[in-house]
Amino acid sequence: MLLWVEGFDAFGTTDNAAPSPTGVVGRKYQTVSTESGMRVVPNRLLGKALKLSNTNQYLQRTLATTNAKLTTGIAIAFAAFPGAVREIITLWDGATKGVNLVMQTSGELSVRLGTAAAFGTTSGLALGTGFNYIELEVVCADGTGGSVELRVNGVEVLKVTGIDTRAGAHDYHDGIRLTGDSSMIVTLDDWYVVDGSGSVNNTFLGNKRVATIFPNAAGDSAQFTPSAGANYAAVDESVCDDDDSYVQDSTAGHVDLYNYEALPAGFTGISGLMVTTDVRVTDATSFSLKTPCKSGSTTSEGDSQSAGGTSYGSKVRVIEQNPATNAAWTESGINAAQFGIQTV
């Protein structure tokens, strides 16, 4: 099942500037270190990318899974090899560090559990300084039931089976961290995470690209109250402007729907999409929200989520398949769909 999608495109539009507004990365990721030192930079294929250039600068996301298998893929560019062994991708079981991918001073990649000796290390990888697409799959198990597999640009470069990959109390990892370093300088783009559940998106997806699109026209419902003008125009910014423009509502069941920009031409092999909504509470009454998707005559509301507190937070909904067809999304299907917000 698809758990996470990130293109790093909505954290700012100015190259080599810090994410904007301040704290925007922390809205989406539960744990963030030195966000002010991160930089929005030119992309790999689409939109923007995010550079981590300080030692132990990271972003971490909790994942809604208890499945033993976890697979992640991400485009990473390194400016240089590190001066010491450095973690790049780290999986977690709660607060316990689990399987992690590290770069050696030689430029080779190793996979290990916690800080123990590596399960294995690549040989002759020669990543270079441009973007490479790195995929790591871990089966978490105690004893000898675990395994790790590492692919770079679609090619298997390391695989170890019959190993103990359990770090904490569970046979799964439910968190993932991406870490930077001042010597190697890590630039990130086009990230996915899946687990082993379901009949699709349950193993390596291959080299993926992530497109980020924004509202650009009214949808079929406009029941929220805009700060000014049309509803969609109050939420169409590529960089959120918080209280400068917004829609608000306090009536349960009200729905705002928006049409979105078209995907870049030729977008095929779509594994799924993720809708992100920045939201906050403006009075003493807490509320929940849903993230509806309307495709054709079919509307899928999604699960209810608490809006949180009076500071902005990002609520996300992953939608693997078109609800009108119960099949994979197509470019035309996404272009014709509407997405929005509903009070509960």
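Residues numbered from 1 in each chain as written. Predicted model: local features only at pLDDT ≥ 70, side-chain atom pairs only at ≥ 80, totals over all residues. Heavy atoms only, no water.

## A look at the overall build of the chain
Then, in step 1: A tally of helices and strands in the chain yields two helices and 28 strands.
Then, in step 2: At 20 Å, the chain has a C-alpha radius of gyration in line with the 20 Å of a compact globule built from 344 residues.
Then, in step 3: For the chain, the spread of C-alpha atoms along the principal axes amounts to about 60 × 45 × 40 Å.
Then, in step 4: A total of 344 residues make up the chain; the buried ones form 49% of that total.
Then, in step 5: Within the chain, residue pairs in contact and separated by at least 24 positions form 66% of the contacts whose partners lie at least 6 positions apart. (Helix = DSSP H or I, 4+ residues; strand = E, 2+ residues; numbered from the N terminus. Rg over C-alpha atoms; globule rule 2.2 N^0.38 Å. Buried < 20%, exposed > 50% of the residue type's maximum accessible area, 1.4 Å probe, protein only. Contact = heavy atoms within 4.5 Å.)

## With respect to the pairing of strand 12 (residues 146-152)
Then, in step 1: With six of seven residues buried, strand 12 is to be regarded as a mostly interior element.
Then, in step 2: Strand direction decides the pairing type here: strand 11 (residues 131-139) and strand 12, joined by six bridges, are antiparallel. Note on strand 12: the bridge partner recorded for Glu135 is Arg151.
Then, in step 3: Two elements, strand 12 and strand 13 (residues 155-163), share seven bridges in a ladder whose sense is antiparallel. Pairing of Ser147 across the sheet is with Thr161, part of strand 13.
Then, in step 4: Two successive antiparallel strands, strand 12 and strand 13, enclose a turn made up of two residues, where Asn153 displays a positive phi of approximately 55°. (Pairing = 2+ DSSP bridges.)

## Thoughts on the side chain of Lys28
Then, in step 1: Within the fold, Lys28 resides in helix 1 (residues 24-28).
Then, in step 2: Take Lys28: its relative accessible area is 10%, and that puts it in the buried class.
Then, in step 3: Reaching out from Lys28, the side chain makes a polar contact with the side chain of Glu6 at a distance of 3.2 Å. (Polar contact = N/O pair within 3.5 Å; in protein donor to acceptor, adjacent residues only side chain to side chain.)

## Quick look at unusual backbone geometry
A negative phi angle characterises most non-glycine residues, just as the trans form characterises most peptide bonds.
Then, in step 1: Residues Ser20 and Pro21 are joined by a peptide bond in cis, for which omega reads -5°.
Then, in step 2: By secondary structure assignment, the location of Pro21 is in the loop between strand 1 (2-6) and helix 1.
Then, in step 3: Its identity as a non-glycine residue notwithstanding, Thr34 has a phi of 50°, on the positive side.
Then, in step 4: One can find Thr34 in the loop between strand 2 (31-33) and strand 3 (39-42).
Then, in step 5: Here Thr34 falls in the partly exposed class, since its relative accessible area comes to 41%.
Then, in step 6: A positive phi is found at Asn153, a non-glycine position, where the angle reads about 55°.

## Some details on the packing of aromatic side chains
Then, in step 1: Tallied over the entire structure, the rule returns five aromatic pairs.
Then, in step 2: On the basis of an interplanar angle of 70° and a centroid distance of 5.5 Å, the ring pair of Trp4 and Tyr29 is categorised as edge-to-face. Here Trp4 is found in strand 1, whereas its partner Tyr29 is found in the loop between helix 1 and strand 2, with 25 residues between them in sequence.
Then, in step 3: Seen from their ring centres, Tyr260 and Phe339 are 5.6 Å apart, and the 90° between their planes marks the pair as edge-to-face. Of this pair, Tyr260 sits in strand 19 (residues 255-260) while Phe339 is found in strand 28 (residues 338-343), placing the two residues 79 residues apart along the sequence.
Then, in step 4: Among the residues examined, Tyr260 registers a relative accessible area of 17% and is labelled buried.
Then, in step 5: A connected cluster of aromatic rings, assembled from ring pairs, spans Trp4, Phe8, Tyr29 and Trp191. (Phe/Tyr/Trp six-rings, centres within 6.5 Å; stacked < 30°, edge-to-face > 60°.)

## Digging into the side chain of Gln338
Then, in step 1: Tracing the backbone shows Gln338 in strand 28.
Then, in step 2: A distance of 2.8 Å separates the side chain of Gln338 from the backbone nitrogen of Asp220, its partner in a polar contact.
Then, in step 3: Those residues in contact with Gln338, other than ones at most four positions away along the chain, are Gly219, Asp220, Leu257, Tyr258, Asn259, Pro292, Cys293 and Lys294.

## A look at the environment of Ala77
Then, in step 1: Looking at the element boundaries, Ala77 is found in strand 6 (residues 69-78).
Then, in step 2: Look at Ala77 and you get buried, because its relative accessible area is 9%.
Then, in step 3: A sequence separation of 52 residues divides Ala77 from Thr129, and the C-alpha atoms of the two residues are 5.9 Å apart.

## A few points about the sheet that holds strand 10 (residues 120-121)
Then, in step 1: Read from one edge to the other, the open sheet built from seven strands follows the order 2-5-14-7-8-9-10, with strand pairing classed as antiparallel. The sheet is open, and its two edges are formed by strand 2 and strand 10, each paired on a single side.
Then, in step 2: Pairing between strand 7 (residues 86-93) and strand 14 (residues 175-179): four bridges, direction antiparallel. The residue of strand 14 that forms the bridge with Ile89 is Leu178.

## Observations concerning the nonpolar core
Then, in step 1: By size, the foremost hydrophobic cluster in this structure holds 54 residues, and its most contacted members are Phe8, Leu59, Phe78, Leu109 and Trp191.
Then, in step 2: It is strand 15 (residues 186-195) that contributes the most residues to this core, six residues altogether.
Then, in step 3: Apart from residues no more than four positions distant in its own chain, Leu59 is found in contact with Phe8, Val25, Tyr29, Thr31, Val32, Met38, Leu50, Ile176, Arg177, Leu178 and Trp191.
Then, in step 4: Counting residues in hydrophobic clusters, the runner-up holds 23 residues, among them Val247, Leu273, Ile334 and Phe339. (Core = buried A, V, L, I, M, F, W, Y, C linked by side-chain atoms within 4.5 Å.)

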